[in-house]
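Here is how the chains run, residue by residue.
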Amino acid sequence: MEQHSTYKTIEQAIQFLMANQYEQPSLEEVASYVHMSKYHFQRLFKQWAGVSPKEFLQFLTIERSKQALREGQSTLDAALQAGLSGTGRLHDLFVKIEACTPGEFKNQGKGLTIYFEQIHTPFGPAVLSETPKGINMLSFFTNFSEEESLIKEEFPYATLQRGLGTNGHLVQKYFQDWEVPTQKIQLALKGTPFQIQVWKGLLQIPAAQFLSYQDIAQIIHKPKAVRAVGTAIGKNPIAYLIPCHRVIRNSGVLGNYRWNPDRKRMINGYEAIHL
């Protein structure tokens, strides 16, 4: 009964934030709306939503701004329409959440060259995409053209170049000889701050070892956000290099995998033998 009451409280808070996002309500205003102290509300909201009320509001603001930029509005108009005081705050939000500037998002890859190519792994074919900042996608696939379409959808004005970039060659070589390269493989992570925090947590899992979703939540210092951690892991865009395959349920069951649970078993079996 208490859980249901808490759920309804968080639901009301989310509805309030969505309805009043253009006014950029403060933590005190949202907490007052649901008749709670701001400290208790902040703690409860993070526990249930996986992010703070401020972060949730930032995500709403970013989505509104992105829509305005897609419609051709200037960065100033997009900022004001989203309830921000100017382009400076919009710039900071985009860099923090989207890992790009508002101008870069508006250009949608214009002037950007992206290398993409199929590579061979012991676990099946994969498509690798690389921007000048690093690898932004590594995905096992069944249809190469569908993966290419996803890249074009995210960067409609970019120049797509078949082939491997510097980091792509390092990854391909690693899958061939399993020797860790002396040169670091650069990743271009793009996601919410919480997602990136989870993905960085995954990088701490050694080969041929397992951690649970609860373990990852502990690593990122959000022990109660287990469900949100699972959601973030399911959206990991870079297979194998960010080892979400090494996360299992508390019961010891391997669980789901974005690229097929059978492949997850195959990868972990291979690592147990070879690594």
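1. Observations concerning the overall build of the chain
Then, in step 1: Looking only at helices and strands, the chain has 13 helices and 6 strands in total.
Then, in step 2: Against the compact-globule benchmark of 19 Å for 275 residues, the chain has a radius of gyration of 21 Å, which places it among compact chains.
Then, in step 3: Overall, the C-alpha framework of the chain stretches about 60 × 50 × 30 Å when taken along its three principal axes.
Then, in step 4: Evaluated residue by residue, the chain yields a buried proportion of 45% over its 275 residues.
Then, in step 5: With the model as given, the accessible surface of the chain reaches about 14600 Å², and the carbon-plus-sulfur share is 50%.
Then, in step 6: Here the chain carries 29 positive and 24 negative side-chain charges, and the mean point of each set is 4 Å from the other.

2. Describing helix α4 (residues 53–70)
Then, in step 1: Between its first and last C-alpha atoms α4 spans 26 Å; for 18 residues at 1.5 Å apiece the expected length is 26 Å, and the two agree.
Then, in step 2: Where α4 is concerned, the buried positions are Pro 53, Phe 56, Leu 57, Gln 58, Phe 59, Leu 60, Thr 61, Ile 62, Ser 65, Lys 66, Ala 68 and Leu 69.
Then, in step 3: One or two steps after α4, the chain reaches Gly 72, where phi turns positive at roughly 95°.

3. A short note on the nonpolar core
Then, in step 1: Leu 138, Phe 194, Val 198 and Leu 202 are the most contacted members of the largest nonpolar core, which totals 65 residues.
Then, in step 2: With 7 residues, the top contributor of residues to this core is α4.
Then, in step 3: Apart from the residues within four sequence positions on either side, Phe 194 is in contact with Gly 50, Val 51, Ile 220, Lys 222, Ala 225, Ala 228, Val 229 and Ala 232.
Then, in step 4: Core analysis: the second largest hydrophobic core is formed by 9 residues, Ile 114, Phe 116, Val 127 and Met 137 among them.

4. Considerations on the packing of α4 against helix α6 (residues 87–97)
Then, in step 1: At their nearest, the axes of α4 and α6 sit 10 Å apart, and the two run at 105° to each other. As far as their axial angle goes, α6 and α4 are roughly perpendicular. Every residue of α6 that contacts α4 at Gln 58, Phe 59, Thr 61, Ile 62, Ser 65, Lys 66 and Leu 69 is listed here: Leu 90, Leu 93, Phe 94, Lys 96 and Ile 97.

5. Concerning the pattern of salt bridges
Then, in step 1: Overall, the coordinates contain 8 salt bridges when judged by the stated rule.
Then, in step 2: Put simply, Glu 11 and Lys 8 hold a salt bridge, and the shortest N to O gap is 2.9 Å. With Glu 11 and Lys 8 both in helix α1 (residues 2–19) and 3 residues apart, the pair spans about one turn of that helix.
Then, in step 3: Residue Glu 11 is classed as partly exposed on the basis of its relative accessible area of 24%.
Then, in step 4: Judged by its relative accessible area of 35%, Lys 8 falls in the partly exposed class.
Then, in step 5: A salt bridge links Lys 173 to Asp 177; the shortest N-O distance between them is 2.6 Å. Placement of the pair is Lys 173 and Asp 177 together in helix α9 (residues 166–177), with a separation of 4 residues, close to one helical turn.
Then, in step 6: Look at Lys 173 and you get partly exposed, because its relative accessible area is 46%.

6. Here's the deal with unusual backbone geometry
Then, in step 1: Not every positive phi belongs to a glycine, and Tyr 240 is a case in point at roughly 60°.
Then, in step 2: Mapped onto the fold, Tyr 240 is located in the loop between α12 (226–234) and β6 (247–248).
Then, in step 3: In this structure Tyr 240 comes out as buried when scored by relative accessible area, which is 4%.
Then, in step 4: With a phi angle near 95°, Asn 260 is a residue other than glycine that sits in the positive phi range.

7. Describing helix α10 (residues 193–202)
Then, in step 1: α10 sits mainly inside the fold: 7 of its 10 residues count as buried.
Then, in step 2: Listed in full, the buried residues belonging to α10 are Phe 194, Gln 195, Ile 196, Val 198, Trp 199, Gly 201 and Leu 202.
Then, in step 3: Tucked inside the fold, the buried residues of α10 contact α11 (213–219), α12 and β6.

8. Some details on the pairing of strand β3 (residues 134–140)
Then, in step 1: Of all 7 residues that make up β3, 7 are buried, and the element is covered over most of its length.
Then, in step 2: As paired elements, strand β2 (residues 124–131) and β3 share 6 bridges and run antiparallel to each other. Pairing of Val 127 across the sheet is with Ser 139, part of β3.
Then, in step 3: Between β2 and β3, which pair antiparallel in sequence order, lie 2 residues.

Rules used in this analysis
Residues numbered from 1 in each chain as written. Predicted model: local features only at pLDDT ≥ 70, side-chain atom pairs only at ≥ 80, totals over all residues. Heavy atoms only, no water. Helix = DSSP H or I, 4+ residues; strand = E, 2+ residues; numbered from the N terminus. Rg over C-alpha atoms; globule rule 2.2 N^0.38 Å. Buried < 20%, exposed > 50% of the residue type's maximum accessible area, 1.4 Å probe, protein only. Areas by Shrake-Rupley, 256 points an atom, 1.4 Å probe, with all protein chains shown as cover. Lys, Arg positive; Asp, Glu negative; His and termini not counted. Charge placed at Lys NZ, Arg CZ, Asp CG, Glu CD. Expected span 1.5 Å × (residues − 1). Core = buried A, V, L, I, M, F, W, Y, C linked by side-chain atoms within 4.5 Å. Contact = heavy atoms within 4.5 Å. Axes fitted to C-alpha atoms, helices over the stretch in contact; angles between N-to-C directions. Parallel < 35°, antiparallel > 145°, perpendicular 65-115°, else oblique. Salt bridge = Lys/Arg side-chain N within 4 Å of Asp/Glu carboxyl O. Pairing = 2+ DSSP bridges.

Geometry only, nothing functional implied.
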